[in-house]
Amino acid sequence: MKERVAWVDVAKGIAMFLVVLGYNPLSDSWMRIIYSLNVPIFFLMSGYTFHAGQYDNLGQLVKRLAKSLLIPYVFLNLLAYPVFCYTQGRMPDLESARQLFFGMLYGVGDAGSLRFNIPLWFLPCTCIIECLYYLLDKYSKKTKPIWVLASAVLGYFSFPLFNIRLPWGLDAAFTGLVFFAVGHYFCKERVDKALFKLNPFLGFILMTVSNVGFNLLNHTAAPYVDFNAMMFGNIFLFYICAFSGCISVVYLAKIFEQSKLLAYVGRSTLWVIGLHAV
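Keep in mind that what you see is a predicted model, and the values were worked out from it rather than measured.

Undergrad: Outline the overall build of the chain, supporting the account with residue identities and numerical values.
TA: Within the chain, the regular secondary structure consists of 13 helices and zero strands. When its helices and strands are written in sequence order, the chain yields α-α-α-α-α-α-α-α-α-α-α-α-α. Its C-alpha atoms give the chain a radius of gyration of 18 Å, within 12% of the compact-globule value 19 Å for 278 residues. Residue burial in the chain is summarised as follows: out of 278 residues, 49% are buried. Considering only contacts in the chain between residues 6 or more positions apart, those separated by 24 or more positions represent 76%.

Undergrad: Can you tell me about the state of the cysteines, naming the residues and giving the values?
TA: In protein chemistry, a disulfide is the covalent bond that joins the sulfur atoms of two cysteines. Summed over all chains, the structure comprises zero disulfides. Of the cysteine sulfurs around Cys-127, a residue in no disulfide, the closest is that of Cys-131, at 6.7 Å.

Undergrad: Describe unusual backbone geometry, listing the residues and the values that go with them.
TA: The residue Trp-168 is not glycine, and still its phi comes out positive at about 60°. Turning to its location among the elements, Trp-168 is positioned in the loop between helix H7 (144–162) and helix H8 (170–188).

Undergrad: Which residues make up empty space enclosed by the protein, and what values do they have?
TA: Considering all chains together, one arrives at one cavity of 30 Å³ or more under this definition. Roughly 30 Å³ of internal volume is contained in the largest cavity. Residue lining of the largest cavity: Arg-32, Asn-215, Asn-218, His-219, Ala-222, Pro-223, Tyr-224 and Val-225, and that is the complete set. Of the residues that constitute the lining of the largest cavity, the class distribution is four nonpolar, three polar and one charged.

Undergrad: Quick rundown of the pattern of salt bridges? Include the residues and the values.
TA: Taken as a whole, this structure holds eight salt bridges when the rule is applied. With its nearest N and O atoms 2.6 Å apart, the salt bridge here joins Arg-64 to Glu-130. Pair noted here: Arg-64 is in helix H4 (residues 58–87) and Glu-130 is in helix H6 (residues 122–139), with a separation of 66 residues, a long-range link. In this structure, the salt-bridge partner of Lys-141 is Asp-137, at a minimum N-O distance of 3.3 Å. For Asp-137, a relative accessible area of 8% corresponds to the buried category. Within this structure, Asp-137, Lys-141 and Lys-144 form a network of salt bridges that share partners.

About the criteria used
Residues numbered from 1 in each chain as written. Predicted model: local features only at pLDDT ≥ 70, side-chain atom pairs only at ≥ 80, totals over all residues. Heavy atoms only, no water. Helix = DSSP H or I, 4+ residues; strand = E, 2+ residues; numbered from the N terminus. Rg over C-alpha atoms; globule rule 2.2 N^0.38 Å. Buried < 20%, exposed > 50% of the residue type's maximum accessible area, 1.4 Å probe, protein only. Contact = heavy atoms within 4.5 Å. Disulfide = S-S within 2.5 Å. 1 Å grid on protein atoms, 1.4 Å probe; cavity = no way out; pocket = protein on both sides within 12 Å on 5 of 7 lines; lining within 4 Å. Points joined across faces, edges and corners; volume = space filled by probe spheres on them. Nonpolar A, V, L, I, M, F, W, Y, C, P; charged D, E, K, R; others polar. Salt bridge = Lys/Arg side-chain N within 4 Å of Asp/Glu carboxyl O.

That is the geometry; function is a separate question.
Shown next, in the form of structure tokens:
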């Protein structure tokens, strides 16, 4: 097993803090900044730590995803159900149990599907992304950049064209695949080493200013970015904001590389995602 990279765990910890912060009342300006990067950085870091070569076939990957993500997905939904009923002052009944069951099957993060624990949309979506990327890496290495570019376009236009959310966040997964692929490229080509040749403090400032600036421009196309709701604004500005924000977090993670607290949170993201909104 490969040794854990300290700044990667810290980056996930920072991203988790941003996710939790995004579920609290904030000004529109802060919402735009946080929502432009809190989901993309997770997918980028997931791609960074993904090693397709450790699986002989897709079945092995699916088996690992079932144990690490899908079983917790079901468990956390079941845990959230009685808590939701209690906080709403109602008793569990057949109708709400039916909503729970079919919501888990559909796996989309809205009040019509995962109404009892909306943040859990991230888990099946991640499963889809890892499987898609595995297939691309195994069977389409030479044309992988073309497929990733096509995925970026498909993810952006799928919801406006069809006006329906796809099961397990497949539509969001097309966009998430882009960040996952870039994260994997970062690791494979050691792009992070090139980034860290620049002083992390300076890199953080430059990328943060870039993110804020392009967020202001993207504000004319969308009030704020919402990955889960498929709200991206201008496609070019969205990706510029997201990647500049992701790199900003990477630099910040390098600055706080020795933070045991952030690293611990980064290693516990599954449970924080599943429990923070319960």
